Amino acid sequence: MLIAVAITCSVFALGIEGKLVVAGVRSFVQLLLLGAILVPVFKINNPLLSFAYICMMLLVAVQEAMARPSYTFPRMLRCVYLSFGGSVGVCGFIGLFLALGVDLDARYAVPLTGMMLGNCLTCISVSLSALLADLKEKSEVVEHYLAFGASKYEATKPLLNSSIRLGLTGQLNQMNIAGIVAIPGMMTGQILGGNPPLTAARYQIFVLLMNACTSVIGSFAVMTLTVQELFDVDHKFLGEIVRKRKNTFSITRVIELCIQWLARVAKNVVNLLLRKWRELHPTPSTQEFQPLLRTPPPRTS
C-alpha cells in the first residue's frame, strides 16, 4: 500500500515519494526497536537511565528539526537545541515533578516526554523553515523597515507572527477536534487498556495542555534565537549567512529515483494495455452507422 501511494505521488510529481517510503520504513523499524528497548528501561526504572534515554530522544529530535528547513545558517544547532531543551525542560519539570509527582519514573517520564518532543519538533521545524524562507526571499522588506529606523524585532515582527501561526496550526487543530472528531492516542490506549473513560480523558487533557505549552514556548524560543543570530548588534541583517541547503547524496534520493522509474514503467504498461484494448475492441466509426441514420424528409415550401 505504501509503495502504491508513493508511485501515485511520483506520477503527480509531488517530490515526496522517497521521503514517504523512508518515513514508513523508519517508523516500522523504530517502533519495533522502541518496544524492545523500553522493556529493560521500565524494568530497571532508574532515574539516571530514564534521564539518559530522554537526552537521547532530545538529540534525535534536534537533528530531525534541523533537517527539515530548506535554508540553514552557521549556529542553527545552538538555537534549535536551546529551544528544545528549554521548552521541554520547563514543561517537563512542571508536569512530571509538580503536577503528577512522578519525578523520573520511566513509565511516565519517557512516554510523556516523547509526546512533548514530538509535538515540539513539528512546531519548531515548521516555524523555523517558514521564517528562514521569508527572511531570505523577502529580505528587501526587512531592509526597508530597518532603513526607516525599525529594530530587528520590529522589522521581522510580521514574519515572526506568520511563522509561529503556521507552526502552531497543527497543534490548534488537534486541540479543537479532540473528543469530537477524533479520540487522541493516549486516551485510546488507556481505554483499550481497561481504564475508565473519565480517567483516560483527564490524562489526555493533561497531555494536550503540556504539548501546547511546549510547542508555544519552543516556537517563540527558536524564533527569538534565530533573529538574534541573523542580526548584529547594530540591527543589520546578515542575509549572506543564510544559505540554501545543499542536495547531498542520501538514501532518500536513491529511493525517489527508483520510485520515479517504477512510476514511468507503470505508466508505460497502462498505456500499452489501453492501446491493445483499443486494437482488439475498436470504436465504431460514424461511417459504419451511416446506413442506420435516417435522412430527413424534404421540406415542402
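Residues numbered from 1 in each chain as written. Predicted model: local features only at pLDDT ≥ 70, side-chain atom pairs only at ≥ 80, totals over all residues. Heavy atoms only, no water.

On to the packing of aromatic side chains. Tallied over the full model, the rule gives 2 aromatic pairs. Here Phe 93 and Phe 97 contribute two aromatic rings whose centre-to-centre distance is 5.2 Å and whose plane-to-plane angle is 25 degrees, an arrangement assigned as stacked. On the criterion of helical spacing, the pair formed by Phe 93 and Phe 97 is a turn pair, its members being 4 residues apart in helix H4 (residues 76-99). By relative accessible area, Phe 93 is classed as partly exposed at 45%. It is Lys 244 that lies over the ring of Tyr 71; its NZ or CZ is 4.9 Å from the centre. (Phe/Tyr/Trp six-rings, centres within 6.5 Å; stacked < 30°, edge-to-face > 60°. Helix = DSSP H or I, 4+ residues; strand = E, 2+ residues; numbered from the N terminus. Buried < 20%, exposed > 50% of the residue type's maximum accessible area, 1.4 Å probe, protein only. Lys NZ or Arg CZ within 6 Å of the ring centre and 35° of its normal.)

Here the focus is the pattern of salt bridges. Counted according to the given criterion, the structure contains 3 salt bridges. Its salt-bridge partner being Arg 75, residue Glu 229 comes within 3.9 Å of it at the nearest N-O pair. A residue pair is termed long-range when its members are at least 10 positions apart, and Glu 229 in helix H9 (residues 197-230) and Arg 75 in the loop between strand S1 (71-72) and H4 qualify at 154 residues. Residue Glu 229 is classed as buried on the basis of its relative accessible area of 16%. Residue classification places Arg 75 among the partly exposed positions, given a relative accessible area of 46%. One salt bridge connects Glu 229 with Arg 78, and the closest N-O pair in it is separated by 2.7 Å. (Salt bridge = Lys/Arg side-chain N within 4 Å of Asp/Glu carboxyl O.)

All right, on to a nonpolar patch on the surface then. Taken together, the side chains of Val 25, Phe 28, Val 29, Leu 32, Leu 33 and Ile 37 present a nonpolar region at the surface, about 570 Å² in accessible area. With respect to the secondary-structure elements, Val 25 resides in helix H2 (residues 17-44). In this structure Val 25 comes out as partly exposed when scored by relative accessible area, which is 47%. (Patch = residues over 30% accessible without salt bridge, like charges linked within 9 Å, V, L, I, M, F, W, Y side chains within 5 Å. Areas by Shrake-Rupley, 256 points an atom, 1.4 Å probe, with all protein chains shown as cover.)

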